[in-house]
Amino acid sequence: MTERFDVVVIGAGPAGYVAAIRAAQLGLKVACVDQWLDIKNEPALGGTCLNVGCIPSKALLESSELYAHLRDRIAIHGVRVEGARLDVPAMMVHKDQVVRELTRGIAALFKANGVTWMPGRGKLLRERSVEVTGHDGKTEVLQAGHVILASGSTPVELKAAPLTAGLIVDSAGALAFDEVPKRLGVIGAGVIGLELGSVWRRLGAEVILLEAQEQFLTMADEQVAKEALRQFSAQGLDIRLGARVLAAEARDGSVRVRYQDGNGEHTEQVDRLIVAVGRRPNTQGLAAEEAGLLLDEWGFIHVDEQCRTNLPGVYAVGDAVRGPMLAHKGMEEGVMAAELIAGGTAHVNYETVPAVIYTLPEIAWAGKTEQDLRRAGTPYRAGVFPFAASGRARALGDASGFVKLLADTATDRIVGAHLIGPRVSELIAQAVLAMEFGASAEDIALTMFPHPTLSEALHEAALAVHGRAIHVAQRKLGV
Ligand code: FAD
Ligand code: AMP
């Protein structure tokens, strides 16, 4: 017998599991199909983000930062540590434990909300039927009132650098090295390449990042990108721009990488190579031909502003659709799809999706960059405040970077926030909140911030928009 659900979700990453939970909260009968198998070959929820993405990378960034802090910076606080030793297997056990606890947490949330978890591969057939092929190969067909496709993304592979167990790896492989490579190559100096390169650099590897683009971090504000390149280079990350990888080959336990830049061809020998050249939507075989699901030329599922596909009653959310490939963007889309299915109203504000790079310094932004505003011919004012003038940042012993707010000249509304420095992954939410509420620079300037906190830098940046910052001479800021 065909089982009937109000909603069948395919994919249990952040977009899919959030959609499933919200739909169940709204009183709908929900099933969520996911094919993920964990390192023990057991079905696990959470998708890329929890298993091989956001969470394990942040666990390793935290652990490696603690080690680098003890080794390189704790002495400035008058604390002497001798004999600090690295235990990579223990670090991996911690990471795996964090992942396991969180993926099991999603299973518990499914249970608490009455979501039916169906391990296996889902395929959209015609008329909102979904075929589920279990890990034992058995198939069954579900009938759904609505379907939410949340199949996520997978790493782009480079033909020139074929993955080779343990030696040439993708991001998932780079989260599971069993020792610190002496020399590590990374293809791609984007968000993932920088985070993973930072982990292994902090643990002692010599790290070379080969980036095809001539400019560094093109999606970030230019001033932030410049400061980031300066600081990363000072940390010993060897970032080579305009370097296109032509071929990589694993032989005798190491990897030879051939690349080309403005000066011709070069070869590097590294112990391991991470391929971090982007991600592509996971949509191959997701829908049967007869379902008629429309994909775009890059394989993303075609959707409108509210994540409706071309098929009635079928939504698609997360990395499998247009927009930034970020967990929180997918989660908000998942909630929106569930609300719409339940007959509510919902929308996602794509103007304020925050982006974060969890390196040291951290980098975070939302809204328009200065170069965006210049290109669009929008008159704006910039207010910048350096962490060097923040008492709290000084006390932390990490006073690098700055907060920059961009306000529309005509309305004074905040249209962009660009932060680089200590813990800015947490600070950016305040700027997003302000933007979501349509706050002006003056609104933030009139708000009281606790002293001494890093958040005061945001307050001062808002004051600086009108040349009123207190704790730094405006001349110094070039205002
Ligand atoms: P996914 O998380 O990819 O989940 C999709 C799920 O669907 C998977 O479980 C997959 O197995 C399943 N699936 C696919 N097809 C089928 C099918 N036919 N049947 C059944 N199941 C199927 N984002 C951030 O916001 N912050 C970060 O700090 C961050 N760090 C990252 C670090 C790394 C190393 C990586 C690789 C990514 C990182 N990301 C980060 C990106 C983030 O992981 C993704 O944006 C997010 O996971 C997308 O969620 P999703 O639900 O759309 O897809
Ligand atoms: P992201 O999309 O943020 O994950 O970043 C991926 C990065 O990889 C981009 O900055 C690309 O320019 C870069 N890239 C893609 N292909 C190559 C290549 N063959 N050699 C070097 N860098 C590459």
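Named according to an unreviewed UniProt entry, the protein chain is Dihydrolipoyl dehydrogenase originating from Candidatus Muproteobacteria bacterium RBG_16_65_34. Recorded under Catalytic activity (unreviewed entry), the UniProt text for the protein chain is reproduced unchanged: "N(6)-[(R)-dihydrolipoyl]-L-lysyl-[protein] + NAD(+) = N(6)-[(R)-lipoyl]-L-lysyl-[protein] + NADH + H(+)". Within the UniProt record for the protein chain, the comment given under Sequence similarities (unreviewed entry) is "Belongs to the class-I pyridine nucleotide-disulfide oxidoreductase family."

The feature "binding site: NAD(+)" (unreviewed entry), as given by UniProt, occupies Gly188, Ala189, Gly190, Val191, Ile192, Gly193, Leu194, Glu195, Glu211 and Gly278 in the numbering adopted here. Considering the C-alpha atoms alone, the annotated residues occupy 91 residues of sequence yet fold into one spot, their largest mutual distance being 14.2 Å. Among the residues just listed, Ile192 and Gly278 line the largest cavity. Checked against the element boundaries, isoleucine 192 lands in helix α6 (residues 191–202). Here glycine 193 is to be found in helix α6.

We now examine the pattern of salt bridges. Counted by the stated rule, this structure contains 24 salt bridges. Of the charged contacts in the structure, one is a salt bridge between glutamate 351 and lysine 368, with a shortest N-O distance of 3.4 Å. You can see glutamate 351 sitting in the loop between α8 (327–341) and β18 (355–357) and its partner lysine 368 sitting in the loop between β19 (362–367) and α9 (370–376), a full 17 residues away along the chain. For glutamate 351, a relative accessible area of 51% puts it in the exposed group. Look at the salt bridges and you will find they share partners, linking Arg183, Glu206, Asp238, Arg240 and Glu268 into a network.

Turning our attention to the site of ligand 1. Among the 38 residues in the neighbourhood of ligand 1, the closest are listed as Asp34, Thr48, Lys58, Gly122 and Ala327. For ligand 1, an oxygen atom lies 2.6 Å from a polar atom in the side chain of threonine 48. Here an oxygen atom of ligand 1 sits 3.4 Å away from a polar atom, N or O, in the side chain of histidine 328. Of all the secondary structure elements, the ones that give two or more residues to the shell around ligand 1 are α1 (14–25), β2 (30–34), α2 (47–52), α3 (54–73), β4 (121–124) and α8. The leading source of residues in the shell around ligand 1 is α2, at four residues. Its residues assigned to classes, the shell around ligand 1 comprises 16 nonpolar, 17 polar and five charged.

With respect to spatial proximity, 15 residues lie near ligand 2, and among them Gly188, Glu211, Ala212, Ala243 and Val245 are the closest. Within the side chain of glutamate 211, one N or O atom sits 2.6 Å away from an oxygen atom of ligand 2. In this structure, alanine 212 approaches ligand 2 through a main-chain N or O atom, which is 3.1 Å from a nitrogen atom. Within the complex, the protein chains bury 76% of what would otherwise be the 510 Å² of accessible surface of ligand 2.

Turning to the domain arrangement of the protein chain, a few remarks are in order. By the assigned domains, the protein chain splits into domain 1 (3–155 + 280–348), domain 2 (168–277) and domain 3 (352–464). Relative placement of domain 1 and domain 2: their C-alpha centres are 28 Å apart. Contacts between domain 1 and domain 2 engage 19 residues on the former and 16 residues on the latter. At the boundary of domain 1 with domain 2, total buried surface from both sides reaches about 1,300 Å², with 68% on carbon and sulfur atoms. Counting the surface domain 1 buries against domain 2, the share from its top three residues, Val52, Leu61 and Val88, is 30%. Put simply, domain 1 and domain 2 have two salt bridges between them.

Basis of the calculations
Residues numbered from 1 in each chain as written. Chains lettered and ligands numbered in written order. Predicted model: local features only at pLDDT ≥ 70, side-chain atom pairs only at ≥ 80, totals over all residues. Heavy atoms only, no water. UniProt positions renumbered as here; feature names shortened; annotations may be inferred. 1 Å grid on protein atoms, 1.4 Å probe; cavity = no way out; pocket = protein on both sides within 12 Å on 5 of 7 lines; lining within 4 Å. Helix = DSSP H or I, 4+ residues; strand = E, 2+ residues; numbered from the N terminus. Salt bridge = Lys/Arg side-chain N within 4 Å of Asp/Glu carboxyl O. Buried < 20%, exposed > 50% of the residue type's maximum accessible area, 1.4 Å probe, protein only. Near = heavy atom within 4 Å. Polar contact = N/O pair within 3.5 Å; in protein donor to acceptor, adjacent residues only side chain to side chain. Nonpolar A, V, L, I, M, F, W, Y, C, P; charged D, E, K, R; others polar. Areas by Shrake-Rupley, 256 points an atom, 1.4 Å probe, with all protein chains shown as cover. Domains from an automatic or database assignment. Contact = heavy atoms within 4.5 Å. Buried area = accessible area lost by both parts, 1.4 Å probe.

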